[in-house]
Amino acid sequence: RFHHTSTSHWCSCSKTISDEKYQDPFQLGRKDLKNLYEDIKKELLVSAAELKEMCDYYFDGKGKAFRPIIVVLMARACNIHHNNSKEVQASQRSVAIIAEMIHTASLVHDDVIDDANSRRGKRTLNQIWGERKAVLAGDFILSAASVALARIGNTTIISVLTQVIEDLVRGEFLQLGSKENENERFAHYLEKTFKKTASLIANSCKAVSILGCPDPTVHEIAYQYGKNVGIAFQLIDDVLDFTSCADHLGKPTAADLKLGLATGPVLFACRQFPEMNAMIMRRFSKPGDVERAWKYVLQSDGVQQTTYLAQRYCHAATREIRKLRPSPEREALVHLTEMVLMRDK
């Protein structure tokens with residue numbers, strides 16, 4: 001059982017990183033991502049003014065660039081591990097750009113499916129331009145990412161990154177379905193979480209490791225690190241839907257419940273409050289369901305259990321990345337797992 005009292009011990013592992021080795025992942029990764037959003041806009045070169053405006057809307061340079069940062073840090077960590085190379089290859093940087101484009105296209109499409117009205121603290125594309133145009137803008141960003149991917153000219157990398165697009169679609173279908181059996185339901189949730197969130201990070205990390213190092217063991221380390229961090233990131237996201245105020249998160253809280261989604265905190269709460277089962281099966285569609293489910297989650301240990309599960313995934317990611325030769329980038333990737341657990345938006 002995981003209790004609130006242990007909160008102060010969540011990230012004690014950070015103390016093991018000596019001060020001189022400690023690196024802020026965002027500081028360290030940013031040097032390889034100068035002009036990231038300008039480069040993305042070059043990939044999205046379009047003559048139609050309205051489509052250009054839509055594509056530029058989310059690539060405003062205000063995002064944290066979480067995924068590209070992980071990708072370039074992984075690229076450097078693998079390059080150093082392989083032959084002590086201090087440079088990020090142009091093709092590895094392209095993978096970081098492509099990852100951000102695929103991610104953003106998926107957000108645009110998600111917002112249409114969810115009929116969302118806010119994202120990153122501003123109105124969604126579908127709210128401003130309408131659903132049809134938003135779908136087309138998402139498609140266009142994906143097609144531009146595919147062109148950039150083809151330009152890398154490596155069939156293995158193309159295969160690894162197109163898997164991400166397939167997983168995103170399959171993950172969305174999983175989210176639209178639900179499971180009757182409680183154990184199946186949790187497996188279904190974790191599979192959906194992997195496909196919708198973690199596959200992009202896992203496969204992007206794998207892609208840069210393939211470009212930087214011929215050793216399949218390193219490819220697996222990179223993949224497992226990305227997979228575990230990606231799942232933890234989404235678990236914390238699901239926790240924040242219950243614990244963060246709307247202003248902080250940039251979207252309304254209880255958003256997932258309102259969409260009829262049973263995330264980790266709900267599934268854990270259901271073990272203490274079996275009466276939630278019926279609500280989950282009808283996707284919180286009856287009047288009062290969302291409010292009741294919200295109360296049950298906060299009365300249960302669902303939030304703590306989900307956080308604890310995220311912690312376990314982060315520890316698994318740290319175990320993997322520590323198999324690489326020491327480097328500032330490796331330490332930054334370790335620290336990133338702690339930042340994932342501690343984030344509040």
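The following paragraphs examine the structure supplied in this document. (Residues numbered from 1 in each chain as written. Predicted model: local features only at pLDDT ≥ 70, side-chain atom pairs only at ≥ 80, totals over all residues. Heavy atoms only, no water.)

## Overview of the environment of leucine 267
Here is step 1: With respect to the secondary-structure elements, leucine 267 resides in helix α13 (residues 264–272).
Here is step 2: A relative accessible area of 4% means that leucine 267 is categorised as buried.
Here is step 3: For leucine 267, the contacting residues outside a window of four places in its chain are Arg185, Phe186, Tyr189, Ala262 and Ile280. (Helix = DSSP H or I, 4+ residues; strand = E, 2+ residues; numbered from the N terminus. Buried < 20%, exposed > 50% of the residue type's maximum accessible area, 1.4 Å probe, protein only. Contact = heavy atoms within 4.5 Å.)

## Some words on the packing of aromatic side chains
Here is step 1: Scanning the model with the defined rule gives eight aromatic pairs in all.
Here is step 2: Between the aromatic rings of phenylalanine 186 and tyrosine 189, the centroid separation amounts to 5.7 Å while the plane-to-plane angle is 80 degrees, which identifies the pairing as edge-to-face. Within this pair, phenylalanine 186 and its partner tyrosine 189 are both found in helix α9 (residues 182–212), separated by three residues, close to a single helical turn.
Here is step 3: The class of tyrosine 189 is buried, set by a relative accessible area of 3%.
Here is step 4: Put simply, the rings of Tyr57, Tyr58 and Trp129 pair up and form one aromatic cluster.
Here is step 5: Over the ring of tyrosine 57 we find lysine 122, and its NZ or CZ is 4.1 Å from the ring centre.
Here is step 6: The ring of tyrosine 223 carries lysine 206 above its face, with NZ or CZ at 5.7 Å from the centroid. (Phe/Tyr/Trp six-rings, centres within 6.5 Å; stacked < 30°, edge-to-face > 60°. Lys NZ or Arg CZ within 6 Å of the ring centre and 35° of its normal.)

## Examining helix α3 (residues 49–58)
Here is step 1: All of the buried residues in α3 are Met54, Cys55, Asp56, Tyr57 and Tyr58.
Here is step 2: Those residues of α3 hidden inside the fold are in contact with α2 (36–43), α5 (90–114), β1 (118–119), β2 (122–123), α6 (125–129) and α7 (131–152).

## Regarding a nonpolar patch on the surface
Here is step 1: A grouping of Ile113, Val169, Phe173 and Leu176 is seen on the molecular surface, where their side chains present a nonpolar patch of about 420 Å² in accessible area.
Here is step 2: By residue number, the principal contributor to the nonpolar patch is helix α8 (residues 155–176), which donates three residues.
Here is step 3: Relative to the assigned elements, isoleucine 113 resides in helix α5.
Here is step 4: On the accessibility criterion, isoleucine 113 (44% relative accessible area) is partly exposed. (Patch = residues over 30% accessible without salt bridge, like charges linked within 9 Å, V, L, I, M, F, W, Y side chains within 5 Å. Areas by Shrake-Rupley, 256 points an atom, 1.4 Å probe, with all protein chains shown as cover. Salt bridge = Lys/Arg side-chain N within 4 Å of Asp/Glu carboxyl O.)

## Some details on the pattern of salt bridges
Here is step 1: Scanning all chains against the criterion turns up 17 salt bridges.
Here is step 2: For the salt bridge of arginine 119 with aspartate 111, the shortest nitrogen-to-oxygen distance reads 2.8 Å.
Here is step 3: Residue arginine 119 is classed as partly exposed on the basis of its relative accessible area of 21%.
Here is step 4: Where salt bridges share partners, they join Asp39, Lys42 and Arg93 into one cluster.

## Examining unusual backbone geometry
With the exception of glycine, most residues fall at negative phi, and the peptide bonds are largely trans.
Here is step 1: One non-glycine residue, asparagine 35, adopts positive backbone phi at about 60 degrees.
Here is step 2: Along the polypeptide, asparagine 35 turns up in the loop between α1 (25–30) and α2.
Here is step 3: With a phi angle near 55 degrees, arginine 283 is a residue other than glycine that sits in the positive phi range.
Here is step 4: With respect to the helices, strands and loops of the structure, arginine 283 is situated in the loop between α14 (276–281) and α15 (289–299).
Here is step 5: Among the residues examined, arginine 283 registers a relative accessible area of 25% and is labelled partly exposed.

## Observations regarding the packing of helix α4 (residues 66–83) against helix α17 (residues 328–342)
Here is step 1: The N-to-C vectors of α4 and α17 enclose an angle of 150 degrees; their axes lie 8 Å apart at closest approach. If you check the angle between α4 and α17, you find them roughly antiparallel. The two elements α4 and α17 meet at a crossing, and its hand is left-handed. Only Glu329, Arg330, Ala332, Leu333, Leu336 and Val340 of α17 make contact with α4, whose side of the interface consists of Phe66, Ile70, Leu73, Met74, Arg76, Ala77 and Ile80.
Here is step 2: Of the residues that constitute the contact of α4 with α17, the class distribution is 10 nonpolar, no polar and three charged. (Axes fitted to C-alpha atoms, helices over the stretch in contact; angles between N-to-C directions. Parallel < 35°, antiparallel > 145°, perpendicular 65-115°, else oblique. Left-handed = near helix turned anticlockwise from the far one by under 90°. Nonpolar A, V, L, I, M, F, W, Y, C, P; charged D, E, K, R; others polar.)

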